[in-house]
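Each chain, written out:
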Amino acid sequence: MKKIFALLVGVAMLISLTACGGESGSNTFAETQETAKQEVKIVATNFQFDQPEYHVKKGEAFTLTLDSKEGIHGIRLEGLDASLSKMNNTKTIVANKAGTYSIICNVSCGTGHSKMNAKLIVE
Ligand SMILES: [Cu+2]
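Small disclaimer: the values here were computed from a predicted structure and weren't measured.

Scanning the protein chain for helices and strands turns up one helix and 10 strands. What you see in the protein chain, going N to C, is helices and strands ordered as α-β-β-β-β-β-β-β-β-β-β. Taking all contacts inside the protein chain whose residues are at least 6 apart in sequence as the whole, residues at least 24 apart take part in 71%.

All right, on to the sheet that holds strand S6 (residues 75-77) then. Spatial ordering of the open sheet is given by S4-S10-S9-S6-S7, a layout of five strands whose pairing is mixed. Two strands close off the open sheet at either side, each with one partner strand: strand S4 (53-56) and strand S7 (83-84). By the bridge criterion, two bridges tie S6 to strand S9 (residues 99-104) in an arrangement that is antiparallel. Across the sheet, the residue bridging to Leu77 is Ile103, located in S9.

Now for the nonpolar core. Ile42, Phe49, Ile75, Leu77, Ile93, Ile103 and Leu120 are the most contacted members of the largest nonpolar core, which has 21 residues in total. Every element with two or more residues in this core is listed here: strand S2 (38-45), S4, strand S5 (62-68), S6, strand S8 (90-95) and strand S10 (117-122). Filtering out sequence-adjacent residues up to four positions away, Ile103 remains in contact with Phe49, Ile75, Leu77, Asn117, Ala118, Lys119 and Leu120.

Residue Phe47 is bonded to the preceding Asn46 through a cis peptide linkage, with omega at 0°. Looking at the element boundaries, Phe47 is found in the loop between S2 and strand S3 (48-49).

Parameters at a glance
- The numbering scheme is per chain: residues are counted from 1 as the chain's sequence reads.
- Only residues with pLDDT of at least 70 get local features here, since the model is predicted, and only at 80 or more are side-chain atom pairs given and counted; chain-wide, interface and lining totals rely on the full set of residues.
- Secondary structure elements are defined from DSSP: runs of H or I of at least 4 residues count as helices, runs of E of at least 2 residues count as strands, and each element is numbered from the N terminus.
- We call two residues in contact when the distance between their C-beta atoms, placed using the backbone, is within 7 Å.
- Note on pairing: DSSP must find at least two bridges between two strands before they are called paired.
- By definition, a nonpolar core groups buried Ala, Val, Leu, Ile, Met, Phe, Trp, Tyr and Cys residues that are joined through C-beta atoms within 7 Å.
- Put plainly, a residue is buried at 20 or more neighbouring C-beta atoms within 10 Å of its own, exposed at 12 or fewer, and partly exposed in between, counting only other residues' C-beta atoms, which are placed from the backbone.

Okay, structure coming up:
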C-alpha cells in the first residue's frame, strides 16, 4: 500500500515538473500567417519611441511596424525570436501569454541609444 502511494506521489511530481518545463520553453510571441486584427506602430526618433507603452490583446494577431522617422533604429521585443529593422520593418505576430514585455532599440544609434526602450503590454 505504501509503495503505491509513493508511486502516485512520484508520478504527480513528474507531471507537474513536465508542465512547468513546457511553459518556460515556449515563446511568448510567434510570427503568424493570420490576418492581423490589431496594429502596433512604433515611431522611432533620436532617441526615443513615440509611446512609453503599447497594448495588444492575447491570442489576436497584430502587425508590429517600426517607423524610423529620424535616425536608424531597430526593435528587439522580449519573447520574440525575430527583430525589426529599417529594411525589414513589419511583422504579423500573435501573443500567447499575457504580461509586460520590453521593447528596446537593437541598433547602436548614438548617444541616447540606451534610453530607447518601451513596453508591450499583452492583455
Ligand atoms: Cu539605438
